[in-house]
Amino acid sequence: MSYSYTAAALTRDEMADLVARDIPAGAFVNLGIGQPTNVSNYLTADQGVTLHTENGMLGMGPVATGEDIDGDLINAGKIPVTELPGASYFHHADSFAMMRGGHLDVCVLGAFQVSRTGDLANWHTGAPGAIPAVGGAMDLAIGAKSTWVMMGLFTKTGESKLVETLGYPVTGLGCVSRVYTESAVFLLEDGTVTVRSTHGIGFDDLAARLPVELRKA
Amino acid sequence: MAPRIAATAADAVSGIHDGATVLIGGFGNAGQPMELIDALLECGASDLTVVNNNAGQADAGLALLIKERKVRKVICSFPRQSDSWHFDEAYRSGEIELELVPQGNLAERLRAAGAGIGGFFTPTGYGTLLAEGKETREIDGVGYVLETPIKADAALIKALAADEFGNLVYRKTARNFGPVMATAAAQTIVQVDQIVPVGGIDPEVVVTPGIYVDTIVRIAGENK
């Protein structure tokens, strides 16, 4: 795929749509809590994607509303969801064995930072007094065949969240292969960062703002 | 031996003593054996080590056990939630110990305990703060961390139905940790919506075989 450019930065919905279109037909996919959950709204029936939720289900359907709300049927974010035809339930050890064993095709996660070599930080700010909570983050990071990240590219103070080395505690080493942001989509492979597209910013301007070396697709 | 059928939740948990390690099923409120936890609180056992995915929500169940300072230590993956105020307070005041375990490692450590496995090498957590001080090994170019089983004195879990042999079926994502916790404790205590005669559950759909179940109690008005 060669480099492309759009004049406007991507909205969150456009990012979710882009990720959804990149998911291969027939894939088994886990969507993390937060922005990645929105990807499910852009998957088409034709794609035949099966969603996994780590609390023990394949074939998860849309968020439940009204009379469909059932406290025994929730996603990993503890939101009531629905089941699709062909769904299955399994216990937690099986659910994570499925993930750790490389049976899921794609996992999409949020992040605080991603390093040039695909190290992921998304579980703990390391701030003094913060109560740490990891949940399934470390399992999700390293389990699927491909781990993709969706995040804003810059912090509120304008620093790049794509970095040479992580400034936050590690979730998983060398696990991220793609990063989707409002300003660009990055492909990470063997320490090389390739820019597939930029949005609202040109390649050269982007390269000037990021602390890692970039290659144009 | 067929399990004991307890008349009440209080009767079901009466064997749990001070200092016990107790597995509590549930992911959030789904599958959380609320009545058994309430009974555990009422029976007064203290100095407990509790294993659960979370550290209690709002003002019910495990959160109340923590509020009343019955829990010495929590082993869990995700203690911090918007409504985990009782844990947060106990933790910040240094009145509760936390062992944070990645969720998949938590499930597998329970599975290992029930399956007689002395430890296992997992890639989850390798190179992170949660692997500090643990043995690591590289196998075929991948880094792994040695994790050990979590054995317990008692497991409190919730299932949809049991037969009188203790065979269990669950309901939807309320299954979560139930089946692995049932295998990992010396005493597995199950609250169910209904108890059916032997033969009332198709052997092909049994999720937890009765060999793992010691005590059953029916709690009326449970699952829909």
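Residues numbered from 1 in each chain as written. Chains lettered and ligands numbered in written order. Predicted model: local features only at pLDDT ≥ 70, side-chain atom pairs only at ≥ 80, totals over all residues.

Bringing the sheet that holds strand S10 (residues 162-163) of chain A into the picture now. Residue and element names in this part refer to chain A. Taken in spatial order, the three strands line up as S8-S7-S10 in an open sheet, and their pairing is mixed. Taken across any chain shown, the strands that pair with only one partner, and hence form the sheet edges, are strand S8 (120-121) and S10. In terms of strand pairing, strand S7 (residues 113-115) meets S10 through two bridges, oriented parallel. Counted as the bridge partner of Ser 115 is Val 163 from S10. (Pairing = 2+ DSSP bridges. Helix = DSSP H or I, 4+ residues; strand = E, 2+ residues; numbered from the N terminus.)

Owing to its 3.6 residues per turn, the α-helix aligns residues three or four sequence positions apart on the same side. Taking 1.5 Å as the rise per residue, helix H5 (residues 103-115) of chain B with 13 residues should run 18 Å; its terminal C-alpha atoms sit 18 Å apart, in good agreement. A large share of H5 of chain B lies buried, amounting to twelve of its 13 residues. If you check which residues of H5 of chain B are buried, you get Gln 103, Gly 104, Asn 105, Leu 106, Ala 107, Glu 108, Arg 109, Leu 110, Arg 111, Ala 112, Ala 113 and Gly 114 of chain B. Tucked into the core, H5 of chain B has its buried residues touching helix H2 (92-100) and helix H3 (137-143) of chain A together with strand S2 (21-24), strand S6 (120-122), strand S8 (142-147) and helix H6 (178-184) of chain B. Trailing H5 of chain B by a residue or two, Gly 116 of chain B shows a phi angle of about 70°, which is positive. (Expected span 1.5 Å × (residues − 1). Buried ≥ 20, exposed ≤ 12 C-beta atoms within 10 Å, placed from the backbone. Contact = placed C-beta atoms within 7 Å.)

Here the focus is the interface of chain B and chain A. Residue-level contacts link 38 residues of chain B with 30 residues of chain A. Going through the elements one at a time, helix H4 (85-92), H5 and H6 of chain B are the ones with two or more residues in the side of chain B that touches chain A. No other element matches the six residues that H5 of chain B contributes to the side of chain B that touches chain A. Residue composition of the side of chain B that touches chain A, grouped by class: 17 nonpolar, 13 polar and eight charged. (Nonpolar A, V, L, I, M, F, W, Y, C, P; charged D, E, K, R; others polar.)

Here the focus is the environment of Leu 36 of chain B. All names here are of chain B. With respect to the helices, strands and loops of the structure, Leu 36 is situated in helix H2 (residues 34-43). On the neighbour-count criterion, Leu 36 (30 C-beta atoms within 10 Å) is buried. Taking the C-alpha atoms as reference, Leu 36 lies 12 Å from Val 22; in sequence the two are 14 residues apart. Not counting the four nearest positions on each side in its chain, Leu 36 is found in contact with Ala 9, Ala 12, Val 13, Leu 156, Ile 189 and Gln 191.

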